[in-house]
Amino acid sequence: MAKKDSDSPLIKRLLEIRSKLLEGSSDVGAANMKLIEWFAGAENGVTNAYNFFKGREPEVTWKAMVWRPEIMPKHRFALWMLAQGRLRTKDRMEYEPNKECDMCRKQVESNQHVFFECPVACELWCKVKQWLEIQHDFRSFEELQQIFAEHYKGHTWKMKARHLGISSSIYYIWEARNKCRFHNVVPDVCWLFRKVQIHVFRFVDVAQMMAGRRPQPWQHGGRHAGGQG
Ligand SMILES: [Zn+2]
C-alpha cells in the first residue's frame, strides 16, 4: 500500500516505518521474521527496533549540542524538535487558514521564523548573547549549532551557562509562542530574558554549591564571574 495525501499522520508514519523495514529485507516474510526475532526476548524488543532504525539514520551534527548533560529534559526536547525542524508551526498545518505568526503578525509562522526571524526571538537572542558574551551571530538553527560546535565547546561553568542560556531560550520562545497562540498572551521579552537568567543562575548556583564552592553567578548586565573561556 502506497502513502496517500489523505492518509492520517499516524498511517503515513506507519507506512514509512514499514518501508524502512522492507528496505533491509528481501521480502515481506523476511521483514516479519526480523520483527519476530526482535521481540522473541520480550524485554529487548524495543531496544532492538531502536538500534535498527538509529543505525539507518544519517549522522547528524547537532547531537553534541542537544545531548549536553546540563540541559534539562523538557528544554532538550524542544531543542531536539527544533534541530529536526519538527516543531508544529502553522506552515506545517495543512488545514490552518491563517498562517501568520501570532507574536508579530508579519510573516508566515515557521520553525525558522519563530526562533530566528520573529522580532520577539531576535530581541531575546540579543539580550542573551550580550549577557553570556556570545560574540557570534546566527540566523538559523544550522548556523547556531555550527557556531557552538566550533567556538563554544568544553564544560567550564561559562560554557555550561551558555548552553543553558541557548536551550532555555528556545524552550521559553516556544512557550511564549504557545501562550500567544492559545491564550492571547502578548510576549514580554524582558520577562522571557529574566526566566532564562533564573534558569542559568539556579543551575550554576546549585552545581557550585555541590562542588563545595561559593556561588559566583553572572552579574546582570554582561559581566561575569567564575569559569573560563
Ligand atoms: Zn513573528
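Above this text sits the structure in question.
So, here is what we can say about the structure in this document. (Residues numbered from 1 in each chain as written. Predicted model: local features only at pLDDT ≥ 70, side-chain atom pairs only at ≥ 80, totals over all residues. Heavy atoms only, no water.)

### Here's the deal with the pattern of salt bridges
On inspection of all chains with the given rule, the structure shows eight salt bridges. Notably, a salt bridge pairs Glu-175 with Lys-195, separated by 2.7 Å at the nearest N-O pair. Here the residue Glu-175 occupies a position in helix α9 (residues 157-183), and Lys-195 occupies one in helix α10 (residues 189-210), the gap between them amounting to 20 residues. Exposure remark for Glu-175: the relative accessible area of 22% places this residue in the partly exposed category. (Salt bridge = Lys/Arg side-chain N within 4 Å of Asp/Glu carboxyl O. Helix = DSSP H or I, 4+ residues; strand = E, 2+ residues; numbered from the N terminus. Buried < 20%, exposed > 50% of the residue type's maximum accessible area, 1.4 Å probe, protein only.)

### Considering the coordination of the zinc ion
Around the zinc ion, the protein contributes the donor atoms Cys-101 (SG), Cys-104 (SG), His-113 (NE2) and Cys-118 (SG), at 2.1 to 2.4 Å from the metal centre. Taken together, the four donor atoms coordinating the zinc ion span angles of 101 to 116 degrees at the metal, a pattern that classifies the geometry as tetrahedral. The sequence motif formed by the donor residues of the zinc ion is C-x2-C-x8-H-x4-C. With relative accessibility at 16%, the residue Cys-104 sits in the buried group. Taking relative accessible area as the criterion, His-113 reaches 1% and is therefore assigned buried. (Donors = N, O, S within 2.8 Å, 3.2 Å for Na, K, Ca; no water. Tetrahedral: all angles 85-135°; square planar, octahedral: opposite > 155°, others 65-115°.)

### Considering the nonpolar core
If you look at the biggest cluster of nonpolar residues, it comprises 49 residues, and the most contacted ones within it are Phe-115, Phe-141, Leu-144, Ile-166 and Ile-170. Elements supplying a minimum of two residues to this core: α4 (63-66), α5 (73-83), α6 (111-117), α7 (119-132), α8 (141-151), α9 and α10. The dominant element in this core, judged by the number of residues it contributes, is α9, at 11 residues. Among all residues touching Phe-115, those that are not within four sequence positions of it are Leu-82, Leu-87, Ala-121, Trp-125, Ile-170, Ile-173 and Trp-174. (Core = buried A, V, L, I, M, F, W, Y, C linked by side-chain atoms within 4.5 Å. Contact = heavy atoms within 4.5 Å.)

### Things to note about α5
Buried residues of α5: His-75, Arg-76, Ala-78, Leu-79, Met-81, Leu-82 and Ala-83, and no others. Just past α5, the residue Gly-85 takes up positive phi, approximately 65 degrees.

### A word on the packing of α5 against α9
Orientation of α5 relative to α9, taken along the N-to-C sense of each, is 80 degrees, at an axis distance of 8 Å. On the basis of their axis angle, the class for α5 and α9 is roughly perpendicular. Touching Lys-74, His-75, Ala-78, Leu-79 and Leu-82 of α5 are Ser-167, Ser-168, Ile-170, Tyr-171 and Tyr-172, all from α9. In terms of residue class, the contact of α5 with α9 is made up of six nonpolar, three polar and one charged. (Axes fitted to C-alpha atoms, helices over the stretch in contact; angles between N-to-C directions. Parallel < 35°, antiparallel > 145°, perpendicular 65-115°, else oblique. Nonpolar A, V, L, I, M, F, W, Y, C, P; charged D, E, K, R; others polar.)

### Thoughts on the layout of surface pockets
The probe, sized like a water molecule, is rolled over the atoms to show the empty space still left. What the second largest pocket holds in volume is close to 530 Å³. Around the second largest pocket, the lining comprises 16 residues; the ones closest to its centre are Ser-8, Pro-9, Lys-12, Arg-88 and Arg-92. Broken down by element, the residue count for the lining of the second largest pocket peaks at four residues, all from helix α1 (residues 9-23). Per-class residue counts for the lining of the second largest pocket are four nonpolar, two polar and 10 charged. Both domain 1 (9-56) and domain 2 (63-210) contribute no fewer than three residues apiece to the lining of the second largest pocket. (1 Å grid on protein atoms, 1.4 Å probe; cavity = no way out; pocket = protein on both sides within 12 Å on 5 of 7 lines; lining within 4 Å. Points joined across faces, edges and corners; volume = space filled by probe spheres on them. Domains from an automatic or database assignment.)

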